[in-house]
Amino acid sequence: MKILIVDDRRENLLALEAVLKSPDYQLVFASSGEEALKCLLKDDFAVILLDVQMPGMDGFETAKLVRARKRNEDTPIIFITAIYHSTENIAQGYSLGAIDYLFKPFNPEMLKSKIGAFVKIHFHKKEIKLQNELLKQHALELQTMNENLERTTLDLRKAEALSRVIGETSIDTLITMDTLGQVINSNPAITGMFGYEHEELQGKNVSKLFHGESFSFLNIMNYLDKSKIKILDATAMHKNGTTFPVEIQVGVASIGEQQVVVWSVRDITERKQLEKERKDRYKTLERLVLERTSKLYHTNKKLKEEIFERNKIAKELRETGLMLNNILESITDVFFTLDHQGQFIYVNKEAEKYWLKGREELIGRNIWEVSPESLAEFHPFFKRAMNTRETEHFEIKGRNSDTPYEVHVYPSEEGLSVYYHDFSERKMFEKEMARLDRLNLVGQMAAGIGHEVRNPMTTVRGFLQLLGDKEEFKQSKGYFDLMIEELDRANNIITEFLSLAKTKTIDLKVLNLNSLLENLFPLIQADAMVSDKNIIIELQDIEVLSLDEKEIRQLVLNLVRNGMEAMPDGGTLTIRTFMEGDVVVLAVQDEGTGIKGQNLEKVGTPFFTTKENGTGLGLATCFSISARHNAKIDIDTGLSGTTFFVRFQPN
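S.K.: I tried to follow the sheet that holds strand 17 (residues 534–539) on my own but got confused; where do I start?
M.R.: If you trace the five strands from one edge of the open sheet to the other, you get 17-19-20-22-21, paired in mixed fashion. Of all strands in the sheet, those with a lone pairing partner are strand 17 and strand 21 (631–638), marking the two edges. If you compare each strand with its neighbour and ignore which way they point, the axes differ by 15 degrees on average. Sheet contacts for helix 18 (residues 513–530): strand 17, strand 19 (572–580), strand 20 (583–589) and strand 22 (641–648); angle to strand 17, the most-contacted strand, approximately 170 degrees.

Rendered as structure tokens:
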């Protein structure tokens, strides 16, 4: 038994020899496609391991010439490559008749198992060929025994030929079940044999297909397990109620932790008839035929089991590789792998976007050539992970943006696996939480001290008003009025301060935001006319909300007055409502000069203001009100103006 290994690099041939060396077969080596063809002229080979990239005649051309020879058209070919990884290369390999396409570096044990399987298949093919020749000779001897058996023998050969065709074309019904006999899958032959479509049987118990109340899936499986028999005859029932004899071959396989049962059901009506005729007429012939049929059956069964196992392993490998690739391609984070020299081995789609290069440009290139500016900053982390075999974590900014990334470097046998995670949203969330914590603290302070400050202020205001009305203080009336006015202003500031309290009780009622805005519009329009501003209101159909009318009025007035104060004379303020999915949105847009970047993060912080006479509590109050109404305020600002979006979640 010989195996042909073709590779133009001697070190690769030595590596494959070390993996595949075995007393069960002989390894033959060729360093080029031409030399491989010469070897095929001399010998037959169980399998050919063929390198894709070779000088002169490459692997694809060699495979094409091998397949052109009648003698080698069925010889298994396995392509091995370190470069040609693309889908087009893989498709080309399979189109040339390859039975597998492996990437370097490969798993030695897996390759050795595959080669062992193909050697066994080749060996069994030879055995079957030899047995067929012996059977032909024995058939000639039987023909001489009795000329009267010629017609029966001819019918038998036809039946055997028909049985062989049925086996090769897989017209037998194949049923896959769980350990309780519930049908998981079946092949198309089930429709012709039983009259059912696959969908009619899926999830049903397999006992539905067989005749007799005594037929039980669990009883049969227990019987087969005890008797060590994997084949039994049974009576099947067609959808139309007719019954017919069948032969059931049973197989059990484990997929992960799940165990599945496979039944191969064959209609043996014709075989039963022939068996009856043989028993009645030719006892001697029956014995000879049964002996031969038994040998063929066992050989065929072994071959089927080996082919099934090989196909299962190949399928699992393909599915695992495809699943891993799909996961890496679907994630929104950057992922790539490097070999020990820092050259790219794999990059996902997000990595292509990050490096602004296609994977064809990156694979095989050194990372420090692609990004030399990162050498001094990141190289120590990569080198330490490679040397210590321990994971490294650090943070960077994007190459073409200020986006922050968390970098995780994982060492592996092949080199390094590198993972960039964009955590800009998390940083924004942390900033928002810090702002809410500050607002909450101020609210707690407001709830605690607001009441205590108002009591003495009320007393002072009353005495000032009383003294201001007395005749002896009439000449100081203006001073008393000024002090009362300032006390009222301080009281208004405390009122806004108290509105920041998180524990403030709100009176929620089902209201339409559009109706509330229409009622406020005359007041807003009057303020706009006084300050020489224009107001536009655009209200779309929206859902009703649970709102505290007083608080929402305060929120709207604060946003509108801030917008008008931010605009020059003649500016236009636009108030809009609309739906975003099931979210109600209130938008207040001004035509001011926008909010400066250094001030944007501070917006909503209590006592922060850019106005000379501002208290810094207006927007803080708006944020507090929105929080109590399960709403969120977003800001879109630029040189052409600022828009405040208040998004109310559905009730």
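S.K.: I keep staring at the sheet that holds strand 10 (residues 258–267) and nothing clicks. Help me out?
M.R.: The pairing of strands in a sheet comes from backbone hydrogen bonds and takes either a parallel or an antiparallel form. Ordered in space as 7-6-10-9-8, the five strands form an open sheet in which the pairing is antiparallel. Both edges of this open sheet fall to strand 7 (183–186) and strand 8 (231–237), since each of them pairs with a single strand only. Neighbouring strand axes in the sheet, compared pairwise and without regard to direction, differ in orientation by 35 degrees on average. Inspection of the sheet shows strand 6 (residues 173–177) paired to strand 7 by three bridges, in the antiparallel sense. Across the sheet, residue I175 finds its bridge partner in strand 7, namely S186. Against the sheet, helix 9 (residues 217–227) makes contact with strand 6, strand 8, strand 9 (243–255) and strand 10, and its axis sits at roughly 95 degrees relative to strand 10, the strand it touches most.

S.K.: Is there a simple way to explain the packing of aromatic side chains in this structure?
M.R.: The description of an aromatic ring pair rests on the distance of the ring centres and on the angle between the ring planes. Applying the stated criterion to the full structure yields 20 aromatic pairs. A centroid spacing of 5.5 Å and a plane angle of 85 degrees characterise the contact between Y354 and Y405, whose relative ring orientation is edge-to-face. Remark: Y405 occurs in strand 14 (residues 404–411) and Y354 occurs in helix 12 (residues 349–355); sequence separation between them is 51 residues. We note that Y354, like Y405, is buried. Members of the aromatic cluster, each reached through a chain of ring pairs, are F336, F344, Y354, W355, Y405 and Y420.

S.K.: Explain the pairing of strand 20 here, please?
M.R.: Consecutive side chains of a regular strand alternate in pointing toward one face of the sheet and then the other. With respect to burial, strand 20 is a largely interior element, six of its seven residues being buried. In the sheet, strand 19 pairs with strand 20 via seven bridges, with the strands oriented antiparallel. If you follow T574 over to strand 20, its bridge partner there is Q589. Once strand 19 ends, the chain turns through two residues before running back antiparallel as strand 20, passing G581 with a positive phi of about 70 degrees. Here strand 20 pairs with strand 22 via six bridges, running antiparallel. Each bridged residue has a counterpart across the sheet, and for V584 the counterpart in strand 22 is F648.

S.K.: Please explain the environment of G563 as it appears in this structure.
M.R.: Mapped onto the secondary structure, G563 falls in helix 19 (residues 549–565). On a C-alpha basis, the gap between G563 and T643 in space is 8.7 Å, while along the polypeptide they are 80 residues apart. Apart from the residues within four sequence positions on either side, G563 is in contact with L573 and D590.

Parameters and conventions
- Residues numbered from 1 in each chain as written.
- Predicted model: local features only at pLDDT ≥ 70, side-chain atom pairs only at ≥ 80, totals over all residues.
- Heavy atoms only, no water.
- Pairing = 2+ DSSP bridges.
- Helix = DSSP H or I, 4+ residues; strand = E, 2+ residues; numbered from the N terminus.
- Axes fitted to C-alpha atoms, helices over the stretch in contact; angles between N-to-C directions.
- Contact = heavy atoms within 4.5 Å.
- Phe/Tyr/Trp six-rings, centres within 6.5 Å; stacked < 30°, edge-to-face > 60°.
- Buried < 20%, exposed > 50% of the residue type's maximum accessible area, 1.4 Å probe, protein only.

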